[in-house]
Amino acid sequence: MTFERVRDIIVEQLGVDESMVTMDTNLMKDLEADSLDAVEIIMAIEEEFDLEIPDEEAEKFQLVGDLVKYVDEKLGE
């Protein structure tokens, strides 16, 4: 559930095909996201899940799975 929502945000923000986004996808290397893209993705995830993600945490995210795991932990799922 969380993965699908995060994937949809990434697909919308980066304009990539859904099939390119898996738990092991690296945002920068595989999807060629730049730092602005990363900020926009984080902001969209914060809005979607009603979370606040500190910058020092956001900087650690590399894989889509990192984002999904963080959201799940914060929401207690």
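All values reported here derive from a predicted model rather than from experimental measurement.

Section: helix α2 (residues 35-49)
Under the 1.5 Å per step criterion, the end-to-end length of α2 is 21 Å for 15 residues, consistent within 8% with the ideal 21 Å. Among the residues making up α2, those that are buried are Asp37, Ile41, Ile42, Ala44, Ile45, Glu46 and Phe49. The inward-facing, buried residues of α2 abut α1 (2-14), α3 (55-58) and α4 (64-75). Looking at where α2 begins, the residue whose side-chain oxygen comes 3.1 Å from the main-chain nitrogen of Leu36 is Asp34. Following α2 by one or two positions, Asp50 adopts a phi angle in the positive range, close to 55 degrees.

Regarding the packing of α1 against α2
In contact at an axis separation of 10 Å, α1 and α2 are set at 140 degrees when each is read in the N-to-C sense. By the angle between their axes, α1 is oblique relative to α2. You can see that α1 and α2 cross each other, and the crossing is right-handed. Only Asp37, Glu40, Ile41, Ala44, Ile45, Glu48 and Phe49 of α2 make contact with α1, whose side of the interface consists of Thr2, Arg5, Val6, Ile9, Ile10, Gln13 and Leu14.

Concerning the pattern of salt bridges
Within the structure shown, the criterion is met by four salt bridges. In this structure, Glu48 and Arg5 form a salt bridge, with 2.9 Å as the shortest nitrogen-oxygen distance. With Glu48 in helix α2 and Arg5 in helix α1, this pair connects stretches of sequence that are 43 residues apart. Given the relative accessible area of 39%, Glu48 is considered partly exposed. Here Lys60 ties to Glu57 by a salt bridge, and the two come within 3.5 Å at their closest N and O atoms.

A short note on α4
Here α4 contains twelve residues, and its C-alpha end-to-end distance of 17 Å stays within 8% of the 16 Å for a straight helix at 1.5 Å per residue. All buried positions along α4 are accounted for by Val64, Gly65, Leu67, Val68, Tyr70 and Val71. Looking at the buried side of α4, the elements it contacts are α1, α2 and α3. Phi turns positive one or two residues past the end of α4, at Gly76, with a value near 70 degrees.

Digging into the nonpolar core
Formed by 25 residues in total, the largest nonpolar core has its most connected members in Val6, Ile10, Leu27, Ile41, Ile45, Val64 and Leu67. Mapped by element, the contributors of at least two residues to this core are α1, α2 and α4. In terms of residues, this core owes the most to one element, α1, which gives six residues. When near neighbours in sequence (up to four residues on either side) are disregarded, Ile41 contacts Ile9, Ile10, Gln13, Leu14, Leu27 and Leu67.

Thresholds applied
- Residues numbered from 1 in each chain as written.
- Predicted model: local features only at pLDDT ≥ 70, side-chain atom pairs only at ≥ 80, totals over all residues.
- Heavy atoms only, no water.
- Helix = DSSP H or I, 4+ residues; strand = E, 2+ residues; numbered from the N terminus.
- Expected span 1.5 Å × (residues − 1).
- Buried < 20%, exposed > 50% of the residue type's maximum accessible area, 1.4 Å probe, protein only.
- Contact = heavy atoms within 4.5 Å.
- Polar contact = N/O pair within 3.5 Å; in protein donor to acceptor, adjacent residues only side chain to side chain.
- Axes fitted to C-alpha atoms, helices over the stretch in contact; angles between N-to-C directions.
- Parallel < 35°, antiparallel > 145°, perpendicular 65-115°, else oblique.
- Left-handed = near helix turned anticlockwise from the far one by under 90°.
- Salt bridge = Lys/Arg side-chain N within 4 Å of Asp/Glu carboxyl O.
- Core = buried A, V, L, I, M, F, W, Y, C linked by side-chain atoms within 4.5 Å.

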